[in-house]
Amino acid sequence: MKAKILTIFFSLILSACVLWAVVKINNSRPIIGGSFKAQNNGHDWIFKDEPKDLNLLYIGYVKCPDICPMTLSFINKALGELELKDKSRVRFIFISVDQNYESVQDVSGYVKQFNSTFIGLNGTKNQIDQIITLFNLTYKIENDPKSYLGYSITHSDRILLLNRLGIVISQLPSPRSSDEILKKIRENL
Amino acid sequence: MKYLFAVLSFFILVASLANSSFGEQKIVLKQVSVDPLEISEARIFIPLKGSSATAAYAKLKNNSDQDITLTLVNVESFSASEIHESLVRDGKMSMKKVDKIIIAAHKSFEFSPGGHHIMLFDATQNILANQKLKVQFKVNGKAQSFDFNALSRF
Ligand SMILES: [Cu+2]
């Protein structure tokens, strides 16, 4: 009888420990990200087909004249400063959230002017929205009758750093210099 | 030794005289050329392939004793131009159109990446590096043009 009570008692303690560990792990590392599918220059592009050791992801739009090209320039500069052996281990992916006005050729050709290794993606609204949800990002296209363009896009301004599985291992909010990007890459490579 | 000292002091005297007269000249020149609105580092990024929009930046200084109200009229070789401000809030970036800029007396203002910029749409011609493009503002209601230098992003 005593042995039975003891067994039950210890099983309870053990279960509580397991439960605590699971909750703790889940809380400290919520898993964001994974593989995704979009369009690159008119072809399907699937992340898990050719992941790098470290993958940088940024969303924006090609007609964004200020923050997006500044960010792309900084990323190009940061990658240029990496040691030769590390250069091929890192890749930058830009995803356009402007499905209505930007063709797949526009996006791919646009980013390649900054760096020939940059991948420029867009896709159907459905594909883009899935990616946005997967990575916990946001964007919003709003009519703007005051502006010549007629619309404006609000979007997340942060670089996500993904591992080979597409899981977010780190992020850099509002990157404003190539040095901070380079530091972040080195920390995670 | 005495001779050497004399020569040296002579040179120092001549040098300091030359310096001071040069300095005076500079001050006089500056007084003549001061505009109420001074613009420097005025640049336009040549549009990139695939994008119909680009931006212009500059540093502005109000040298006058009055506030300056600045509005944008047009930019040579572009179909449209607007003053915009990039804003980052809660990790999200957005842009909004700004109708006018007010620069207080003797203060500076900067169109700079990530802040205020002149957004340009649909170039009407191919723009080459180092080409000068006229940007027309209204400065306190009066039209005034400034040359902006076309630059490549790379
Ligand atoms: Cu803008």
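Residues numbered from 1 in each chain as written. Chains lettered and ligands numbered in written order. Predicted model: local features only at pLDDT ≥ 70, side-chain atom pairs only at ≥ 80, totals over all residues. Heavy atoms only, no water.

Describe in detail the overall build of chain B, supporting the description with residues and values.
Scanning chain B from terminus to terminus reveals 1 helix and 10 strands. Shown N-terminal to C-terminal, the secondary structure of chain B runs as helices and strands in the order α-β-β-β-β-β-β-β-β-β-β. Expressed as a percentage of its 154 residues, the buried residues of chain B come to 36%. The long-range fraction of contacts in chain B, counting pairs at least 24 apart against all pairs at least 6 apart in sequence, stands at 66%. Taken as a whole, chain B presents about 9,200 Å² of accessible surface, with 57% of it coming from carbon and sulfur. (Helix = DSSP H or I, 4+ residues; strand = E, 2+ residues; numbered from the N terminus. Buried < 20%, exposed > 50% of the residue type's maximum accessible area, 1.4 Å probe, protein only. Contact = heavy atoms within 4.5 Å. Areas by Shrake-Rupley, 256 points an atom, 1.4 Å probe, with all protein chains shown as cover.)

Provide a residue-level description of the coordination of the copper ion, including the pertinent values.
Residue and element names in this part refer to chain B. Protein ligation of the copper ion involves His84 (ND1), Met95 (SD), His117 (NE2) and Met119 (SD), the donor distances falling in the range 2.2 to 2.5 Å. Metal-centred angles of 85 to 134° between the 4 donor atoms at the copper ion mark the site as tetrahedral. When the donors of the copper ion are listed by position in the chain, the intervening gaps give H-x10-M-x21-H-x1-M. Here the residue His84 occupies a position in strand E4 (residues 78-89), and His117 occupies one in strand E8 (residues 116-123), the gap between them amounting to 33 residues. For His84, a relative accessible area of 4% gives the class buried. Owing to a relative accessible area of 0%, His117 belongs among the buried residues under this scheme. (Donors = N, O, S within 2.8 Å, 3.2 Å for Na, K, Ca; no water. Tetrahedral: all angles 85-135°; square planar, octahedral: opposite > 155°, others 65-115°.)

Run through empty space enclosed by the protein, naming residues and quoting values.
The tally for this structure, following the rule as stated, stands at 1 cavity of 30 Å³ or more. Roughly 50 Å³ of volume is contained in the largest cavity. Of the residues that constitute the lining of the largest cavity, the class distribution is 9 nonpolar, 2 polar and 1 charged. (1 Å grid on protein atoms, 1.4 Å probe; cavity = no way out; pocket = protein on both sides within 12 Å on 5 of 7 lines; lining within 4 Å. Points joined across faces, edges and corners; volume = space filled by probe spheres on them. Nonpolar A, V, L, I, M, F, W, Y, C, P; charged D, E, K, R; others polar.)

Explain the environment of Leu137(A) residue by residue, including any values.
Residues and elements named next belong to chain A. Its location among the elements puts Leu137 in the loop between helix H5 (125-134) and strand E6 (139-144). For Leu137, a relative accessible area of 9% puts it in the buried group. For the pair Leu137 and Glu187, spaced 50 residues apart in the sequence, the C-alpha separation amounts to 23 Å. If we ignore the near neighbours within four places in the chain, the residues touching Leu137 are Ile59, Ile132, Ser156, Arg158 and Leu160.

A description of the interface of chain A and chain B should follow, citing residues and the corresponding values.
With 26 residues of chain A in contact, the opposing surface of chain B contributes 32 residues. In total, about 2,400 Å² of surface goes out of reach between chain A and chain B, with carbon and sulfur atoms giving 58% of it. The tally of links between chain A and chain B comes to 0 salt bridges. Counting residues per element, the side of chain A that touches chain B draws most heavily on strand E7 (residues 150-156) of chain A, which supplies 5 residues. Here the side of chain A that touches chain B is built from residues that sort into 12 nonpolar, 8 polar and 6 charged. By the bridge criterion, 2 bridges tie E7(A) to strand E5 (residues 92-98) of chain B in an arrangement that is antiparallel. (Buried area = accessible area lost by both parts, 1.4 Å probe. Salt bridge = Lys/Arg side-chain N within 4 Å of Asp/Glu carboxyl O. Pairing = 2+ DSSP bridges.)

Outline the sheet that holds strand E9 (residues 168-173) of chain A, listing residues and values.
All names here are of chain A. Overall, mixed pairing links the 5 strands, which are arranged E5-E4-E3-E8-E9 in an open sheet. Each having just a single partner strand, strand E5 (119-121) and E9 make up the two edges of the open sheet. On average, each strand axis in the sheet is tilted by 20° relative to the strand beside it, whichever way the strands run. Where strand E3 (residues 54-60) meets strand E8 (residues 158-162), 3 bridges bridge the pair, whose relative direction is antiparallel. Note on E8: the bridge partner recorded for Asn55 is Leu162. Lying on the sheet, helix H6 (residues 178-188) is in contact with E3, strand E4 (90-96), E8 and E9; it crosses E9 at an angle near 165°. (Axes fitted to C-alpha atoms, helices over the stretch in contact; angles between N-to-C directions.)

Residue-level account of a nonpolar patch on the surface, with values.
Residues and elements named next belong to chain A. On the surface, Leu6, Phe10 and Ile13 cluster together into a nonpolar patch covering about 290 Å² of accessible area. Inspection of the secondary structure assignment puts Leu6 in helix H1 (residues 2-28). Relative accessible area serves as the criterion here: at 45%, Leu6 is assigned to the partly exposed category. (Patch = residues over 30% accessible without salt bridge, like charges linked within 9 Å, V, L, I, M, F, W, Y side chains within 5 Å.)

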